Amino acid sequence: MPTTTWAKQVRQIVIHRWQPEPLPEPVVDVDLPNLSAIERSAEVISYTCRRFEYWLSPQGTLREWFKFNLRLAFGLAVPALLVAPLVTLALQQFNTWIDLITRTTSNLVLVPLSVLLVVGLICGLISIGKSILTMRLRHQQHQRDPYSY
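The structure displayed is predicted, hence computed values, not measured ones.

Asker: Could you give me a rundown of the overall build of the protein chain, with the residues and numbers involved?
Answerer: Across its full length, the protein chain holds three helices and zero strands. In terms of overall size, the protein chain is more extended than a compact globule, its C-alpha atoms giving a radius of gyration of 44 Å where 149 residues would be expected to give roughly 15 Å. Expressed as a percentage of the 149 residues in the protein chain, the buried residues total 7%. Here the contacts in the protein chain between residues at least 6 apart in sequence split such that 68% fall between residues at least 24 apart. Here the protein chain displays about 13,600 Å² of accessible surface, and carbon together with sulfur accounts for 69% of that area. A gap of 25 Å separates the mean positions of the 14 positive and 10 negative side-chain charges of the protein chain.

Shown next as structure tokens:
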């Protein structure tokens, strides 16, 4: 069984859906003189539009092209309007979860590092204090008393 590409499948769908029908020649409504002013205006505008459409495309290809594009637009817009908000909501939730995980992980890393830093600073201060005391004691031991010769 030969495989078909997506382009061939789209072409088959378009060929299947594309069925233009010839337009009937527009005629003026026989009751036009009996209509009210607004109804006559609407009928004249309608007749002018139908005549213009018939002038552009008497075989109905313009109407079929418009219908096909409307179907395509609805076919793309309806899923996009139904699915896009759900995807957006899911991505926002995912972003929130990632933010929480990032903060938790950084706290798990920073707390032990902070404790190590504090312990290191205390050890350094103790070491400096000990060295100062030993230097003073050595200095006092080596210092000569000026009155005891």
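Asker: Summarise the side chain of E53; cite the residues concerned and give the values.
Answerer: Inspection of the secondary structure puts E53 in helix α2 (residues 37-56). For E53, a relative accessible area of 18% corresponds to the buried category. Side-chain polar atoms of E53 contact the side chain of R63, separated by 2.9 Å. Contact partners of E53, with chain neighbours within four places excluded, come to L23 and R63.

Asker: Report on the pattern of salt bridges, specifying residues and quantitative values.
Answerer: Counted under the stated rule, the structure contains four salt bridges. In this structure, E53 and R63 form a salt bridge, with 2.9 Å as the shortest nitrogen-oxygen distance. Taken together, the residues E53 in helix α2 and R63 in helix α3 (residues 61-142) connect sequence positions 10 residues apart. We classify R63 as partly exposed; its relative accessible area is 41%. Between R103 and D99 there is a salt bridge, with its nearest N and O atoms 2.7 Å apart. Here D99 and R103 lie together in helix α3, a separation of four residues that amounts to about one turn.

Asker: Can you explain the packing of aromatic side chains? Please cite residues and give values.
Answerer: The geometry of an aromatic ring pair is captured by the separation of the ring centres together with the interplanar angle, meaning the angle of the planes. Here the structure, examined in full by the defined rule, presents two aromatic pairs. Taken together, a centroid distance of 6.5 Å and an interplanar angle of 75° make the contact between W18 and F68 edge-to-face. One end of the pair, W18, is in the loop between α1 (6-17) and α2; the other, F68, is in helix α3, and 50 residues separate them in sequence. We classify W18 as partly exposed; its relative accessible area is 31%.

Asker: Outline the environment of R71, supporting the account with residue identities and numerical values.
Answerer: Tracing the sequence through the fold places R71 in helix α3. Not counting the four nearest positions on each side in its chain, R71 is found in contact with R17 and E64.

Asker: How would you summarise the side chain of E43 if you had to cite specific residues and measurements?
Answerer: Tracing the backbone shows E43 in helix α2. In this structure the side chain of E43 is engaged in a polar contact, spanning 3.2 Å, whose partner is the side chain of R50. Apart from residues lying up to four places away in sequence, E43 is in contact with D29, L32, L35 and R50.

Asker: For the confidence of the model for the protein chain, give the residues involved together with the corresponding values.
Answerer: Looking at the protein chain as a whole, its pLDDT mean stands at 88, while 93% of the residues score no less than 70. When the elements of the protein chain are averaged for pLDDT, α1 gives the smallest value, 82, and α2 the largest, 93.

The rules behind each value
Residues numbered from 1 in each chain as written. Predicted model: local features only at pLDDT ≥ 70, side-chain atom pairs only at ≥ 80, totals over all residues. Heavy atoms only, no water. Helix = DSSP H or I, 4+ residues; strand = E, 2+ residues; numbered from the N terminus. Rg over C-alpha atoms; globule rule 2.2 N^0.38 Å. Buried < 20%, exposed > 50% of the residue type's maximum accessible area, 1.4 Å probe, protein only. Contact = heavy atoms within 4.5 Å. Areas by Shrake-Rupley, 256 points an atom, 1.4 Å probe, with all protein chains shown as cover. Lys, Arg positive; Asp, Glu negative; His and termini not counted. Charge placed at Lys NZ, Arg CZ, Asp CG, Glu CD. Polar contact = N/O pair within 3.5 Å; in protein donor to acceptor, adjacent residues only side chain to side chain. Salt bridge = Lys/Arg side-chain N within 4 Å of Asp/Glu carboxyl O. Phe/Tyr/Trp six-rings, centres within 6.5 Å; stacked < 30°, edge-to-face > 60°. pLDDT = per-residue confidence, 0-100.

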